[in-house]
Amino acid sequence: MNGETEPGWLPAGAGYQVALHGGRVVARNASGVRLKGLPAALKDDPVVLDLRQLREWLARHEAECLAEVERWMVRGLPVAAPVLARIWADEAWRAALRDLVVTPYGEHGPELGRAGFLRDVDAARGAGVVGLDGESAWLGPGPYAVPHPVLLDDVGELREFAAELDVRQGVAQLFREAYRRPAGRAEQAAQLHGYAGAHYAQLRHATSRAIALGYAVRGGVARCRIVEHGRAVDAVVWLGDGDPGYETWLGPLQFVDPSGRDVDGAQVGPITWSEGVRLAAALHAGSTGTSE
C-alpha cells in the first residue's frame, strides 16, 4: 500500500479501512485484503455507524425515487426537461428511470407515436431514447411522460423488444397489470363485480393484504386514489367491518369522488379503470375462494 486511501475506502479502527459496497459495510486490513466479515473491533466504530446510517438513507432514497416515478406514471404527470436533467445525475433516480418507455408530453397528453426506452438525458438535447423502431433519438425539450401501460398498444411486442434490448425496468411498467375497460355496459358491470364475493377466513387477513399491497384501508374499505387529467377518483373495495377475527367476503369494485359520491365506471379514465381493477384483482388473489 502507498498510504493513500483509495476512493470509497475510509480509515477505521486500528489499521482497517471500511466502505459501503453492495448494500453492505465491508472491511479490509492494513495489507489491503478484503475480509469476509466485519471485525468485532469495528462493530461500534463511529465510521462504521456512519456508513450504516448512510446505507439506511440510501435505501429510503431509492424507495422514494421508485415511488415518485410510479406516481408520475399512474397519475399521467408530465416531467419538465430541466427536472429530468437534474435528477438524472443521481444514481437512485437514474435506476428508477432508465429503460422506462417515455414520450414527449404534448397538448393532448403523451405523444405515443414517439415513444422509446429512456437511455440518457442531456440538458441541451433532452431525453435520449431507443425508439420502438430500434433507432436512437433525442426527444427534444420536453416535457415528457411515463405512459401507463394501459395506454400502450401491443404491450406484448414491447416486452419482446425490451428483452432484446436487455431492458430492466426499476419501476414495473411493461409488466404492470393493466386492464382495459370493456366497450359494453354489461361487460363493464361484469368486470366491476367479477372479483366480489372473494372469501377471507379472517377480516384481518384481508386488511393486512390490502395494506401490504400499499393501499389505504379506512372504515372497512380498501381504496386507491387515482388522479387522471387533474380529476381525483377513488377505486374502492369493501373488505368488511367488525371483529378482525371474523370471516369476510369482498364487495364489488366501485369508483367514488373524494366526497364519497358514486362515479359511473363508464365516466372514469382508462388509467383509473385499470388501477381500480388491479386493486380488486390483487385482493381477490389473496382470498381463500369465492362464495357459492
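Each remark here, short or long, concerns the structure printed above.
Presented here is a report on the structure given in the accompanying data block. Values in this document were obtained by computation on a predicted structure and should not be read as measured data.

A few words on the overall build of the protein. Looking only at helices and strands, the protein features seven helices and 16 strands. A globule of 292 residues ought to have a C-alpha radius of gyration of about 19 Å, yet the protein, at 24 Å, is considerably larger. Structurally, the protein occupies a C-alpha span of about 75 × 55 × 35 Å along its principal axes. When the 292 residues of the protein are sorted by exposure, 40% land in the buried category. Contacts in the protein between residues far apart in sequence, at least 24 positions, make up 57% of those at least 6 positions apart. Within the structure as shown, the protein displays about 15,800 Å² of accessible surface, and the carbon and sulfur contribution to it stands at 51%. The centroid of the 30 positive side-chain charges in the protein is displaced by 4 Å from the centroid of its 37 negative side-chain charges.

Here we take up helix 6 (residues 203-212). The periodicity of an α-helix, 3.6 residues per turn, causes residues three or four positions apart to be oriented the same way. Those residues of helix 6 that sit buried are Leu203, Ala206 and Ala210. With its buried residues spanning 65° around the axis, helix 6 presents them on a single face. The exposed residues of helix 6 that point more than 90 degrees off its buried face are Ile211 and Ala212. On its buried face, helix 6 is in contact with strand 10 (198-200), strand 11 (216-218), strand 12 (221-228), strand 14 (248-249) and helix 7 (270-285). The first or second residue beyond helix 6 is glycine 214, which carries a positive phi of 95°.

The tally for this structure, following the rule as stated, stands at three aromatic pairs. Between the aromatic rings of tryptophan 72 and tryptophan 93, the centroid separation amounts to 5.7 Å while the plane-to-plane angle is 10°, which identifies the pairing as stacked. In this pair, tryptophan 72 sits in helix 1 (residues 46-75) while tryptophan 93 sits in helix 3 (residues 91-97), placing the two residues 21 residues apart along the sequence. A relative accessible area of 9% means that tryptophan 72 is categorised as buried. Positioned above the aromatic ring of tryptophan 9, the side-chain terminus of arginine 28 is 4.3 Å from the ring centre.

Calculation notes
- Residues numbered from 1 in each chain as written.
- Predicted model: local features only at pLDDT ≥ 70, side-chain atom pairs only at ≥ 80, totals over all residues.
- Heavy atoms only, no water.
- Helix = DSSP H or I, 4+ residues; strand = E, 2+ residues; numbered from the N terminus.
- Rg over C-alpha atoms; globule rule 2.2 N^0.38 Å.
- Buried < 20%, exposed > 50% of the residue type's maximum accessible area, 1.4 Å probe, protein only.
- Contact = heavy atoms within 4.5 Å.
- Areas by Shrake-Rupley, 256 points an atom, 1.4 Å probe, with all protein chains shown as cover.
- Lys, Arg positive; Asp, Glu negative; His and termini not counted.
- Charge placed at Lys NZ, Arg CZ, Asp CG, Glu CD.
- Arc of directions from axis to C-beta.
- Phe/Tyr/Trp six-rings, centres within 6.5 Å; stacked < 30°, edge-to-face > 60°.
- Lys NZ or Arg CZ within 6 Å of the ring centre and 35° of its normal.

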